[in-house]
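# Close look at the chain arrangement
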Amino acid sequence: MKKLYGVIGDPIGHSMSPDMHNDAFQSLSMDAHYHAFQIEKKDLEAAVLGMKAIGISGFNVTVPHKTAIMPLLDEVDPLAQAIGAVNTVVLDNGRFIGYNTDGEGFLAGLEVEYDGNVLDKRILLLGAGGSARAIYYTLSQKGAMHIDIGNRTLEKAEELKKRCPYPVKTSLLTLDEAAEKLADYDIIIQTTSIGMSPNVEAMPISLDNLHPDAFVADIIYNPIETAFMKEAKARGAKSQNGAKMLSFQGALAFEKWTGILPEPSRMETIIYNKLGGIKC
Ligand code: NAP
């Protein structure tokens, strides 16, 4: 019987996940379908019960349900628990188990393009929102040695550091301090929403002090190349956008459901096609 997978969120029409996963099922000749379900906040509990009743094999969770779904699941994996958000649910022997593949997806996508061991480098994380939390906790859990956090609101960065259950050396910086100290870092991870379409000229910090050997990972994928990435490249640094994180988080979710890691580059191509751009 055809297996059913999906994503729940509100809004959900913009999601690229159905195209990414249905292409993977097709290319692997698997008899399965992935569907986008628009679920309002008030209907979340009923939706989770309904999905169990119809026997869905697994699903993704996106805004605004990533945290609210946690108490409705039978089990939440410790990393997702620490992050405080679930983006992937697996049906295992009749039980729904929640995971978070955002941080692991980011790391896997970075490792494809970064020449060296990410975890022993000096890392600057810009931003302290939901995606910064997933990346900071995942990198710390995997053994990162040093991650400083720069954010507009220092209290949020403090909160991130305070609640991190994994050991990692971290200093907290204002955005101005981060710009001042920029030459100290090997990898800069940009997770703020600054530079996202339509404000494509905006940058979170000046790159005047960027080391030319540094690697800049911006998790924004629309535009395909942010002003921050362009400036980093102009200064001789390497950069990547958020399409790698998006494709790898999807590929890792697919692997949790099926035991098969699909080709992340196929998912990335679908993202570029949807965005109407070429890979940079
Ligand atoms: P979020 O939780 O709302 O966090 C937003 C972050 O941006 C906070 O650190 C916030 O600082 C900062 N910020 C926003 N406006 C600012 C401004 N005008 N000046 C200075 N700082 C500002 O958002 P999120 O969910 O983490 O998403 C952030 C970005 O990541 C979005 O562009 C999103 O599209 C992208 N994203 C990409 C992927 C992927 O797979 N590639 C996945 C998730 C998200 P304060 O703490 O001071 O408010």
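As a convention, each chain's residues are numbered from 1 in the sequence order in which they are written. In keeping with the predicted nature of the model, local features appear solely for residues at pLDDT of at least 70, side-chain atom pairs appear and are counted solely at 80 or more, and the whole-chain, interface and lining totals rest on all residues. As a rule here, side-chain values come from all non-hydrogen atoms in the structure, and water together with hydrogens is ignored.

### Notes on the packing of helix α1 (residues 17–27) against helix α9 (residues 243–258)
Our working definition: Between the N-to-C directions of two axes lies an angle of 0 to 180 degrees, each axis being a line fitted to C-alpha atoms and, for a helix, fitted only over the stretch in contact. A run of DSSP states H or I qualifies as a helix once it reaches four residues; a run of E qualifies as a strand once it reaches two. Both are numbered from the N-terminal end. Reported orientations rely on four angle classes, namely roughly parallel under 35 degrees, roughly antiparallel over 145, roughly perpendicular from 65 to 115, and oblique for the rest. In this scheme the handedness of a crossing depends on how the near helix is turned from the far one: anticlockwise by less than a right angle means left-handed, clockwise means right-handed. Here a residue-residue contact requires only that any non-hydrogen atoms of the pair lie within 4.5 Å. Amino acid classes used here: Ala, Val, Leu, Ile, Met, Phe, Trp, Tyr, Cys and Pro are nonpolar; Asp, Glu, Lys and Arg are charged; the rest, including Gly, are polar.
Across the interface, α1 lies against α9 with an axial gap of 10 Å and an inter-helix angle of 50°. On the basis of the axis angle, α1 is oblique to α9. Between α1 and α9 the crossing geometry is right-handed. Here Met20, His21, Ala24 and Phe25 of α1 come into contact with α9, specifically with Leu246, Ser247, Gly250, Phe254, Trp257 and Thr258. Among the residues making up the contact of α1 with α9, the classes are represented as six nonpolar, four polar and no charged.

### Section: the sheet that holds strand β10 (residues 187–190)
Rules: Between any two strands, pairing holds if DSSP finds at least two bridges.
A sheet is described by the order of its strands in space; here six strands give the open sequence β9-β8-β7-β10-β11-β12, paired in parallel fashion. A single partner strand is all that each edge strand has here, and the edge strands are β9 (172–173) and β12 (238–240). The sheet contact formed by strand β7 (residues 122–126) and β10 spans four bridges and is parallel. Directly across from Leu124, in β10, lies its bridge partner Ile188. Where helix α8 (residues 227–234) meets the sheet, its contacts fall on β7, β10, β11 (215–218) and β12, and the angle it forms with β11 comes to roughly 170°.

### Quick notes on the site of the ligand
Selection rule: In this text, near means that some heavy atom of the residue lies within 4 Å of the molecule or strand in question. Polar contacts here mean pairs of N or O atoms no more than 3.5 Å apart (in protein, one a potential hydrogen donor and the other a potential acceptor; neighbouring residues in sequence count only if both atoms are side-chain atoms). Each accessible area is a Shrake-Rupley estimate made with a 1.4 Å probe; only the visible protein chains count as cover when residues are assessed. Only protein atoms enter the 1 Å grid used here, on which a cavity is any set of points holding a 1.4 Å probe that cannot leave and a pocket is any open set flanked by protein within 12 Å on both sides along at least five of seven lines; residues with an atom within 4 Å of a point are listed as lining. Think of it this way: if more than half of a molecule's atoms are within 2 Å of a pocket's grid points, that molecule is in the pocket or cavity.
Within the structure, the ligand sits among 20 residues, and Gly130, Ser131, Asn151, Thr153 and Met196 are positioned closest to it. Separating an oxygen atom of the ligand from a side-chain N or O atom of Ser131 is a distance of 2.5 Å. For the ligand, whose unbound accessible area comes to 920 Å², protein coverage reaches 71%. Among the cavities detected, the one that contains the ligand is the second largest pocket. If you list the elements that add at least two residues to the shell around the ligand, you get α5 (130–142) and α9. The residue makeup of the shell around the ligand, split by class, is eight nonpolar, ten polar and two charged.

### Examining the pairing of strand β2 (residues 32–38)
Note the cut-off: We call a crossover right-handed when, viewed with the strands running away from us, the connection from the first strand over the helix to the second turns clockwise.
Where strand β1 (residues 3–9) lies against β2, seven bridges are found, and the strand directions are parallel. Across the sheet, the residue bridging to Ile8 is Phe37, located in β2. For the segment spanning β1, α1 and β2, crossover handedness is right-handed.

### What to know about the environment of Ser27
Just so we agree on the cut-off: Here the term buried applies to any residue with accessible area under 20% of the maximum for its type, exposed to any over 50%, and partly exposed to those in between, with areas from a 1.4 Å probe on protein chains only.
With respect to the helices and strands, Ser27 occurs in helix α1. Its relative accessible area of 37% is what places Ser27 among the partly exposed residues. The sequence separation of Ser27 and Pro262 amounts to 235 residues, and the corresponding C-alpha distance is 8.8 Å. A polar contact of 3.1 Å, which involves the side chain of Ser27, links it to the backbone oxygen of Ala24.

### Side note on the packing of aromatic side chains
Rule in force here: Only the six-membered ring of Trp is used, alongside the rings of Phe and Tyr, when aromatic pairs are assigned; centres must lie within 6.5 Å, and planes under 30 degrees apart are stacked while those over 60 apart are edge-to-face, with the rest tilted.
Counted according to the given criterion, the structure contains seven aromatic pairs. Seen from their ring centres, Tyr5 and Trp257 are 5.2 Å apart, and the 35° between their planes marks the pair as tilted. One end of the pair, Tyr5, is in strand β1; the other, Trp257, is in helix α9, and 252 residues separate them in sequence. Among the residues examined, Tyr5 registers a relative accessible area of 2% and is labelled buried. Note on Tyr34 and Trp257: the rings are 6.0 Å apart at their centroids and 45° apart in plane angle, and the pair reads as tilted. Residue Tyr34 is located in strand β2, and its partner Trp257 is located in helix α9; the two are separated by 223 residues in the primary sequence.

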